[in-house]
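As a plain string of letters, each chain reads:
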Amino acid sequence: MAEVERLTDEYRNELIKAQYRRVMASQASTGIFTEDSLKEYYDSHLADFVLERPMLKGIYIKVPDQASELASLRRLYKSDRPQDIDRLEKAALSSAVHYDYFRDRWIDLEQIEKRIPVDLTGEEGARIATRKPVEVSSGGFTYLLSVSDYLAAGATMPYEAARPLVRERLLAARRIAYDATLRNALFNRAIEDGTIIFNGSNPLK
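To keep things clear, this report deals only with the structure shown in the data block. (Residues numbered from 1 in each chain as written. Predicted model: local features only at pLDDT ≥ 70, side-chain atom pairs only at ≥ 80, totals over all residues. Heavy atoms only, no water.)

## Quick notes on the environment of Ile61
Alright, step 1. Along the chain, Ile61 falls in strand 1 (residues 55-64).
Alright, step 2. Assessed through its relative accessible area of 0%, Ile61 is described here as buried.
Alright, step 3. A sequence separation of 13 residues divides Ile61 from Arg74, and the C-alpha atoms of the two residues are 9.6 Å apart.
Alright, step 4. When sequence neighbours within four positions are dropped, the list of residues in contact with Ile61 reads Leu73, Tyr77, Leu88, Ala96, His98, Tyr99, Thr142, Tyr143 and Leu144. (Helix = DSSP H or I, 4+ residues; strand = E, 2+ residues; numbered from the N terminus. Buried < 20%, exposed > 50% of the residue type's maximum accessible area, 1.4 Å probe, protein only. Contact = heavy atoms within 4.5 Å.)

Below is the structure:
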């Protein structure tokens, strides 16, 4: 029974220490990383951030076939002129079922695949890769997609997409470093107060 009690105490102490380290490490991991530090890590580890799926920028519209603004939308969604984009937004708001302007951010191709009733791995997918506009009519709706930028699978992940991954890596590294520091501090404290003794004597006393 004495051996069982000893093992139980050791196990309980290990659980307490592990939980304490997790709590303290979690508190130490809530700090904010500067944008420069995130970007510096990203630039230094580009090979680690590779796209598994294509990403793109552009404009997506879903509009009823009978919409009065359809002809205008067909013309305007391909334009790069700011005044045409303003007109496009006004026309889309009055007649489109869905309108998404994402020329200012990267999105996963999968988000578009879920919206357009066409196989984007075939001919239409090739059009997207070459930044050509896509128009599909199905079920009483017309789907318009204008691609302003495109990154294929295997390309380097853009910074804005990699940023959450970079932050998580830095947080993980901070937690590991803090845990090592804490364990070392607890070990040294145990030596100082005589909890740990080497070969029958405390080396610090």
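## A few points about helix 7 (residues 159-192)
Along an α-helix, residues three or four positions apart point the same way, because every turn accommodates 3.6 residues.
Alright, step 1. Between its terminal C-alpha atoms helix 7 stretches 48 Å, which fits the 50 Å expected from 34 residues at 1.5 Å a residue.
Alright, step 2. Restricting attention to buried positions, one finds in helix 7 the residues Tyr159, Ala162, Val166, Leu170, Leu171, Leu182, Ala190 and Ile191. (Expected span 1.5 Å × (residues − 1).)

## Re the packing of aromatic side chains
Alright, step 1. Tallied over the full model, the rule gives two aromatic pairs.
Alright, step 2. A ring pair is formed by Tyr42 and Phe49, whose centres lie 5.9 Å apart and whose planes are at 35°; its orientation type is tilted.
Alright, step 3. The exposure class of Phe49 is buried, given its relative accessible area of 2%.
Alright, step 4. Considering the side-chain rings of Tyr42 and Tyr159, the 5.3 Å spacing of their centres and the 65° angle between planes classify their relative orientation as edge-to-face. (Phe/Tyr/Trp six-rings, centres within 6.5 Å; stacked < 30°, edge-to-face > 60°.)

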